[in-house]
Amino acid sequence: MTFGKIKTFITVTIATLAALSASAQRQLPAGHNSQHSSLLASQNSSANPFKIENNSRLLQDVKQREEMFDNEVFSVAWESQLVNPYGNDVVIPERKDIDVSEYVAPVTGIVTSNYGYRPRFGRNHKGIDLALHVGDTVRAAFSGKVRLTRYERAGYGHYVVIRHENGLETVYGHLSRALVKPNQYVKAGEPIALGGNTGRSTGPHLHFETRYLGLAINPADIIDFENKTVLRDVFTFNKKIHGVLPPVKAKASKKRTYASRKRSSKKK
Ligand SMILES: [Zn+2]
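(A) Summary view of the coordination of the zinc ion. Each protein donor to the zinc ion is listed here as His125 (NE2), Asp129 (OD) and His207 (ND1); together their distances run 2.0 to 2.1 Å. Read in sequence order, the donor residues coordinating the zinc ion give the pattern H-x3-D-x77-H. In this pair, His125 sits in strand S4 (residues 123-125) while His207 sits in strand S13 (residues 205-212), placing the two residues 82 residues apart along the sequence. We classify His125 as buried; its relative accessible area is 6%.

(B) Examining the sheet that holds strand S12 (residues 191-194) more closely. A sheet is described by the order of its strands in space; here three strands give the open sequence S6-S12-S10, paired in antiparallel fashion. Edge positions in the open sheet fall to strand S6 (137-139) and strand S10 (177-178), since each of these has one partner strand only. As paired elements, S10 and S12 share two bridges and run antiparallel to each other. If you follow Arg177 over to S12, its bridge partner there is Leu194.

(C) Highlighting the environment of Asn84. Note that Asn84 resides in the loop between helix H3 (49-70) and strand S1 (95-99). Note on Asn84: relative accessible area 25%, which makes it partly exposed. Expressed as a C-alpha distance, the spacing of Asn84 and Tyr212, which sit 128 residues apart in the sequence, is 9.3 Å. If near-sequence neighbours (up to four positions away) are discounted, Asn84 is found in contact with Arg211, Leu213 and Gly214.

(D) The side chain of Asn124, seen in detail. Among the structural elements, Asn124 can be located in strand S4. On the basis of relative accessibility, which here comes to 12%, the residue Asn124 falls in the buried class.

(E) Quick peek at the nonpolar core. Core analysis: the biggest nonpolar cluster contains 36 residues, and Val138, Tyr172, Ile192, Leu206 and Phe208 have the highest contact counts within it. Sequence-distant contacts of Val138, that is, excluding residues within four places in its chain, are made with Pro106, Val107, Leu132, Tyr172, Leu175, Glu190, Pro191, Ile192, Ala193, Leu194, Gly195 and Leu206. Formed by six residues, the second largest nonpolar core is a distinct cluster that contains Val83, Leu148, Tyr159 and Val161.

(F) The arrangement of the packing of aromatic side chains in detail. Evaluation of the coordinates by the stated rule reveals seven aromatic pairs. Considering the side-chain rings of Phe74 and Trp78, the 6.0 Å spacing of their centres and the 85° angle between planes classify their relative orientation as edge-to-face. The two residues Phe74 and Trp78 agree in class, both being buried. Plain terms: the ring middles of Tyr172 and Phe208 are 5.5 Å apart, the flat faces sit at 55° to each other, and that makes the pair tilted. In this pair, Tyr172 sits in strand S9 (residues 168-175) while Phe208 sits in strand S13, placing the two residues 36 residues apart along the sequence. Accessibility expressed as a relative area gives 0% for Tyr172, which makes it buried. We classify Phe208 as buried; its relative accessible area is 0%. Ring-pair connections join several aromatic residues into one group, and the members of that group are Phe74, Trp78 and Tyr185. Of note, Lys145 hangs over the ring of Trp78, and the distance from its end group to the ring centre comes to 4.8 Å.

(G) Molecular detail of the side chain of Thr198. As for its placement among the helices and strands, Thr198 is situated in the loop between S12 and S13. Judged by its relative accessible area of 18%, Thr198 falls in the buried class. A distance of 2.9 Å separates the side chain of Thr198 from the backbone nitrogen of His158, its partner in a polar contact. Separated by 2.7 Å, the side chain of Thr198 and the backbone oxygen of Leu175 make a polar contact. When neighbours within four sequence positions are excluded, Thr198 is seen to be in contact with Tyr151, Gly155, Tyr156, Gly157, His158, His174, Leu175 and Ser176.

The rules behind these values
Residues numbered from 1 in each chain as written. Predicted model: local features only at pLDDT ≥ 70, side-chain atom pairs only at ≥ 80, totals over all residues. Heavy atoms only, no water. Donors = N, O, S within 2.8 Å, 3.2 Å for Na, K, Ca; no water. Helix = DSSP H or I, 4+ residues; strand = E, 2+ residues; numbered from the N terminus. Buried < 20%, exposed > 50% of the residue type's maximum accessible area, 1.4 Å probe, protein only. Pairing = 2+ DSSP bridges. Contact = heavy atoms within 4.5 Å. Core = buried A, V, L, I, M, F, W, Y, C linked by side-chain atoms within 4.5 Å. Phe/Tyr/Trp six-rings, centres within 6.5 Å; stacked < 30°, edge-to-face > 60°. Lys NZ or Arg CZ within 6 Å of the ring centre and 35° of its normal. Polar contact = N/O pair within 3.5 Å; in protein donor to acceptor, adjacent residues only side chain to side chain.

Dropping the structure here:
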C-alpha cells in the first residue's frame, strides 16, 4: 500500500468511525464501499515522492534475490553423496568464463603424477597428485562450501569435496582426516584437512581434482603448479576441449599432446 493509499485509508476509517458513532443506527449507503474502492483504485501514485524510494528499495531486493539465485550454485545437485552429483542430464555450456583468480595452492608439494590416461592402470587419472607428508595442512583452493567429507576405502580414502562460488568443485583425496564438515563455508586458503595416505594410495600425497558440472578438468589447464598460481585469472571452460575425458584408448595420447601443447603455449 502506498503512502497516499494509507493516508486515504486512515482518513476514510476515521470518517467512517465518526459517522458510525454519530448515528449508530444509520446504515451506510449500499454504494459507499464500492465508491471508496474506486477512489482508492484511481489514486495516482506517480507524483508520490515515496514511490522512487520504494522503487530503489525494490531494485535492491531484486538484486539481492538475483545474487541468491546465483547461489543456485549451492543448491543444484547439492544433496548428493557422489563426487559427480550432476549426472549425465546436466546441460554443459559450450563456453564458460570461470574466475579462478583467488586460487591458493592446497599444498606446497610438487606434482608427482599428472592428469590423464594411465596405461599402467588402463584408466584415467581424473586429478593431479601433489607430494606431501602425512599430517600436512591441506587448504581450500578457492572459497566455497563443503559438499562432502567421506571415506572410500578402495578409492579416494578420506576425501573432501568443495563447491566454489565460481561453479567449480575441487576434490581432495587420500587425506588423514577432514577438518571441515559438509555445508560449512570456507575461504580460499583455509585449512580443510590433513594430508595422508588413505584409500587406494601408494604413498602420502594429495589427489586433487578440479571439476565443472561434474566433468573432471585437467587441473594443469587452470593452475600453474610449479609457480603455485593460476595460468590466467579467468579460466575459459571450452566444452570441445574440457567437456570430454581423454578416451581410454590410443586416441588419449593425441588428446594429451594437444592439451600439453596448449599448456606450454599458454606459459610463454
Ligand atoms: Zn591421484
